[in-house]
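Inside the fold
What follows is the residue order along each chain.
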Amino acid sequence: DAKTTQPPSMDCAEGRAANLPCNHSTISGNEYVYWYRQIHSQGPQYIIHGLKNNETNEMASLIITEDRKSSTLILPHATLRDTAVYYCIVRAHNAGNMLTFGGGTRLMVKP
Amino acid sequence: NAGVTQTPKFQVLKTGQSMTLQCAQDMNHEYMSWYRQDPGMGLRLIHYSVGAGITDQGEVPNGYNVSRSTTEDFPLRLLSAAPSQTSVYFCASTDRATRAQHFGDGTRLSIL
């Protein structure tokens, strides 16, 4: 899996958009960008993934730069329940079953 | 829409006892995995399965057994519990098309 770099922590006001960056400058052509989060005392939760096109689902949007060396996860209207550690993971589909979570970004949504 | 269901949610054992942590998924996923997560640490893979009847070891398999007799169920057995196995255990199943992993809510296990 390619190495990723994320800021250790971020704050966001409730109701505003949360933009979480991830740098993955060594990403290979067959590697996807995945985002998970872990809310305190809960299991990790899959959010979204993409290869090179921007993606959107009911939880978030994923913006991947044209050179694929970085991406941004966008939570359009953050709520207090979005307070969690967010993990950006880069891996190929044939990378095996083990997920390796790095440090992630601890997002604190404040009222 | 249950997803991945783990039972029990909490368990306290004495050293030397054995027990089985249950995991069931209703998404017809072939791939399933067991992880442990220690305080302030990331996930570590214990065992995984790529389909019924097929299991393999992960990063930290010692002291644990698994079996996969059906697609839905993937139980994790502690053979003789030790205090070092105190942890939170997560089961996950993987969507074959997207490779996204879907996790249960975890079992919090304390070994005294």
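Everything here concerns the structure above.
Here's a quick rundown of the structure. These numbers come from a predicted model, not from an experiment.

Turning our eyes to something else, we now look at the interface of chain B and chain A. Between chain B and chain A, the residue contacts involve 21 residues of the former and 14 residues of the latter. Carbon and sulfur atoms supply 53% of the area buried between chain B and chain A, which totals about 1,500 Å² over both sides. Taken together, the links from chain B to chain A amount to zero salt bridges. Counting across the interface, chain B meets chain A through four residue pairs in polar contact (both at pLDDT 80 or more). When contributions to the side of chain B that touches chain A are tallied by element, the ones reaching two or more residues are strand 4 (31–37), strand 5 (43–51), strand 9 (87–94) and strand 10 (101–103) of chain B. Classifying every residue of the side of chain B that touches chain A gives 10 nonpolar, seven polar and four charged.

Turning our eyes to something else, we now look at the state of the cysteines. Within this structure, the stated rule accounts for two disulfides over all chains. Cys22(A) shares a disulfide with Cys88(A); S-S distance 2.1 Å. Taking the sign of the torsion about the S-S bond as the criterion, the disulfide between Cys22(A) and Cys88(A), at about -80°, is left-handed. Remark: Cys88(A) occurs in strand 8 (residues 84–92) and Cys22(A) occurs in strand 2 (residues 18–23); sequence separation between them is 66 residues. Summarising the burial analysis for this pair, Cys22(A) and Cys88(A) share the class buried. The disulfide partner of Cys23(B) is Cys91(B), and the S-S distance across this bridge is 1.9 Å. Its S-S torsion of about -75° marks the bond between Cys23(B) and Cys91(B) as left-handed, since a negative value means left-handed.

A few words now on unusual backbone geometry. Residue and element names in this part refer to chain B. Of note, the bond from Thr7 into Pro8 is cis; its omega dihedral lies within 30 degrees of zero at -5°. As for its position among the elements, Pro8 is in the loop between strand 1 (4–7) and strand 2 (10–13). Phi angles above zero are rare outside glycine, and Asn28 is one such case at about 60°. With respect to the helices, strands and loops of the structure, Asn28 is situated in the loop between strand 3 (19–25) and strand 4. Taking the relative accessible area as the measure of exposure, Asn28 reaches 60% and is therefore exposed. Positioned with a positive phi, Arg99 is a non-glycine residue whose angle comes to about 65°. Relative to the assigned elements, Arg99 resides in the loop between strand 9 and strand 10. In this structure Arg99 comes out as buried when scored by relative accessible area, which is 18%.

Conventions and cut-offs
- Residues numbered from 1 in each chain as written.
- Chains lettered and ligands numbered in written order.
- Predicted model: local features only at pLDDT ≥ 70, side-chain atom pairs only at ≥ 80, totals over all residues.
- Heavy atoms only, no water.
- Contact = heavy atoms within 4.5 Å.
- Buried area = accessible area lost by both parts, 1.4 Å probe.
- Salt bridge = Lys/Arg side-chain N within 4 Å of Asp/Glu carboxyl O.
- Polar contact = N/O pair within 3.5 Å; in protein donor to acceptor, adjacent residues only side chain to side chain.
- Helix = DSSP H or I, 4+ residues; strand = E, 2+ residues; numbered from the N terminus.
- Nonpolar A, V, L, I, M, F, W, Y, C, P; charged D, E, K, R; others polar.
- Disulfide = S-S within 2.5 Å.
- Buried < 20%, exposed > 50% of the residue type's maximum accessible area, 1.4 Å probe, protein only.

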